[in-house]
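# Examination of the molecular architecture
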Amino acid sequence: MTHDLEARLRAAYAPLAPDPARADDLAATLLDAPQAPAPGRLGRVLPWGVAIAATLVGAFLLARGPAPADRAARPAHDGPAVTAFVDAHGRATLAGVDGRALRTWELGDLPIDLAIPAEIGAVLAAEVAPYAPPVDPDSVPRTPDAPTLGPAFRGPSPVALVIDAAPDVPWRHVESVLLAAPHAMLVDVTFLDPERGRPAVRQRLPFVGPAVAGDEGEARHYRVLWFPGVAVVLRPDGAGAPTAFLQRGGEPVFFVRDDGALADLAVRAAAARPADVESSLGLEVLPLADGDTITYLDTFRVLDALRDAGVNRVLFAAGSGRRTK
Amino acid sequence: MGVMELLVPLVERARDGDRAAFGDLHARFARPVYLALVGLLRRREDAEDAWQVTFLAAWRHLPRLRRADRFPGWLFRIARNAARDVAQRRKRFPAALPDASDLVARPNGLPAPPSAADPLPALVGELRPETRALVLLRAVEGWSAEEVAAAFSWSASTVRRRYARALALLRARLTERNGS
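As the structure is a prediction and not an experimental result, all values here were calculated from the model.

What counts and what doesn't
Residues numbered from 1 in each chain as written. Chains lettered and ligands numbered in written order. Predicted model: local features only at pLDDT ≥ 70, side-chain atom pairs only at ≥ 80, totals over all residues. Heavy atoms only, no water. Helix = DSSP H or I, 4+ residues; strand = E, 2+ residues; numbered from the N terminus. Contact = heavy atoms within 4.5 Å. Areas by Shrake-Rupley, 256 points an atom, 1.4 Å probe, with all protein chains shown as cover. Salt bridge = Lys/Arg side-chain N within 4 Å of Asp/Glu carboxyl O. Buried < 20%, exposed > 50% of the residue type's maximum accessible area, 1.4 Å probe, protein only. Axes fitted to C-alpha atoms, helices over the stretch in contact; angles between N-to-C directions. Parallel < 35°, antiparallel > 145°, perpendicular 65-115°, else oblique. Left-handed = near helix turned anticlockwise from the far one by under 90°. pLDDT = per-residue confidence, 0-100.

### Quick look at the overall build of chain A
Within chain A, the secondary structure is distributed over 8 helices and 13 strands. Taking the contacts inside chain A whose residues are at least 6 apart along the sequence as the reference set, 64% of them involve residues at least 24 apart. For chain A, the exposed area adds up to about 15900 Å²; of that, 58% sits on carbon and sulfur atoms.

Structure (structure tokens):
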């Protein structure tokens, strides 16, 4: 049966062959066609080199592990929140309100270019825009700039910003994300414990309503309560150990990695803080000239201690003079 | 002396620019490559275009073939790439091409199949392109499973299995047609 079928196929297709005219064409073309030169040593090695390099790059990327957005589950936040993941490699990834990754920035070496917080802020603003509260028309000043200034009068965004950073990441990297928060009028910031042992620290960035600054009609979204009267300053000591002190002359220095010292600092800071409920506490992180050894974990420990002393409104300020406004 | 033992010196000479040696290779592979291309593309004009491109490319790039014993697989890979290019061109300019998808059933310029009522060529045309090429090479050109395997970079057992399955399918459909 098989042989019969094959015989029928042979009979049907036996005459099938290229058109003789096309075959002649090909033969004539082949007579004149030159051959490509044989590849040299480099030509033989290069493709392998490229393949090996691509494999190594792929292996390296795999070894870096999953993107920060895929990290372990984090405590849920009440209400809508965007999350900023900052990994130990200095990559900041924003996750939207629905959890999808929005974009990743390579923060790179310190100091960080201020253009990056502006970019992060633009992405944050676009993400939280649908949640923006309505503008109260009565609060908008009747000036020709009102259409431009209108959005500034919406008030703080109801969307929270959750910071989820690796313990050893320099605080400067986290600070880049904080500097972006005002662009989207985010004031509710939750810092997750990088060691996951303690509850998250929730702080509200000082915000007392919109204000129009006098210079060229520029709208400033934040009227920051600066100077709050008291500030805690973090900086490495001469040996690089993270320390904190109250920004007042003669105050002792507290070692950030000492729980007892931190508790003492918190008590002193709470006592020194003005009674005005709108006053915020300053928290300033200063780098050393040769780099920043204050990590996210160090700052989180201070925030945690201050929270225990009733401080829930912190103005973050950087040594370079940048502030969260 | 095996086929490959005859083939390798030819390929080596052609690789060094010997046109006569390449002529011998062409004589050996012209029809198998053409049959495979007919199987892949179905239209005779398309198959001839790809066939010319295949041998021209093979001649030009032969100096880059390091393992002469891999010539059949290399040549058929060029043919498959050429067929893919032709098929994409056909898809891009469909209006310029006549509807002649039943080439295998009635090749242009060729004598009609033994019987105009013979449904076998039409049934072959319904097979998947690579299976069609496989059937034409084995049944019509008489290639062994090993030769087809070398050309298609498959294993010989895969070739046997696919060929047996294709023949069984053809047989079943023939029975079905005859029955109806």
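### A few points about the pattern of salt bridges
Summed over the entire model, instances satisfying the criterion amount to 26 salt bridges over all chains. For Glu48(B), the salt bridge is made with Arg22(A), and the minimal N-O distance between the two is 3.6 Å. Remark: Arg22(A) occurs in helix H2 (residues 20-32) and Glu48(B) occurs in helix H3 (residues 44-61); the pair is interchain, linking two chains. Judged by its relative accessible area of 4%, Glu48(B) falls in the buried class. For Arg307(A), the salt bridge is made with Asp304(A), and the minimal N-O distance between the two is 2.5 Å. With Arg307(A) and Asp304(A) both in helix H8 (residues 296-308) and 3 residues apart, this pair spans about one turn of that helix. Note on Arg307(A): relative accessible area 25%, which makes it partly exposed. When its relative accessible area of 11% is taken as the criterion, Asp304(A) is described as buried. Several salt bridges share partner residues, and in doing so they unite Arg22(A), Arg44(B), Glu48(B) and Asp49(B) into one network.

### Description of the packing of helix H6 (residues 129-140) of chain B against helix H7 (residues 145-152) of chain B
Each pair of packed helices can be summarised by the angle the axes make with each other and by the distance between the axes. Residue and element names in this part refer to chain B. Packing of H6 against H7 leaves a shortest axis separation of 10 Å and a crossing angle of 140°. Put simply, H6 runs oblique to H7. H6 and H7 meet at a crossing whose hand is right-handed. Seen from H6, the contacting residues are Glu130, Ala133, Leu134, Leu137 and Arg138; seen from H7, they are Ala145, Val148 and Phe152.

### A few points about unusual backbone geometry
With a phi close to 60°, Arg196(A) is a non-glycine residue in the positive phi region. Tracing the sequence through the fold places Arg196(A) in the loop between strand S5 (188-191) and strand S6 (201-204). Positive phi outside glycine occurs at Arg42(B), with the angle close to 75°. Looking at the secondary structure, you find Arg42(B) in the loop between helix H2 (19-41) and H3.

### Some words on the environment of Phe29(B)
The topology assignment puts Phe29(B) in helix H2. Look past the residues within four positions of Phe29(B) in its chain and what remains in contact with it is Leu7(B), Phe55(B), Phe71(B), Pro72(B), Leu75(B), Phe76(B) and Trp143(B).

### Side note on the confidence of the model for chain A
When pLDDT is averaged along chain A, the result is 75; 72% of the residues meet or exceed 70. Scored below 50 in pLDDT, residues 319-325 of chain A shows 25 contacts in the model against residues more than four places distant or in partner chains.

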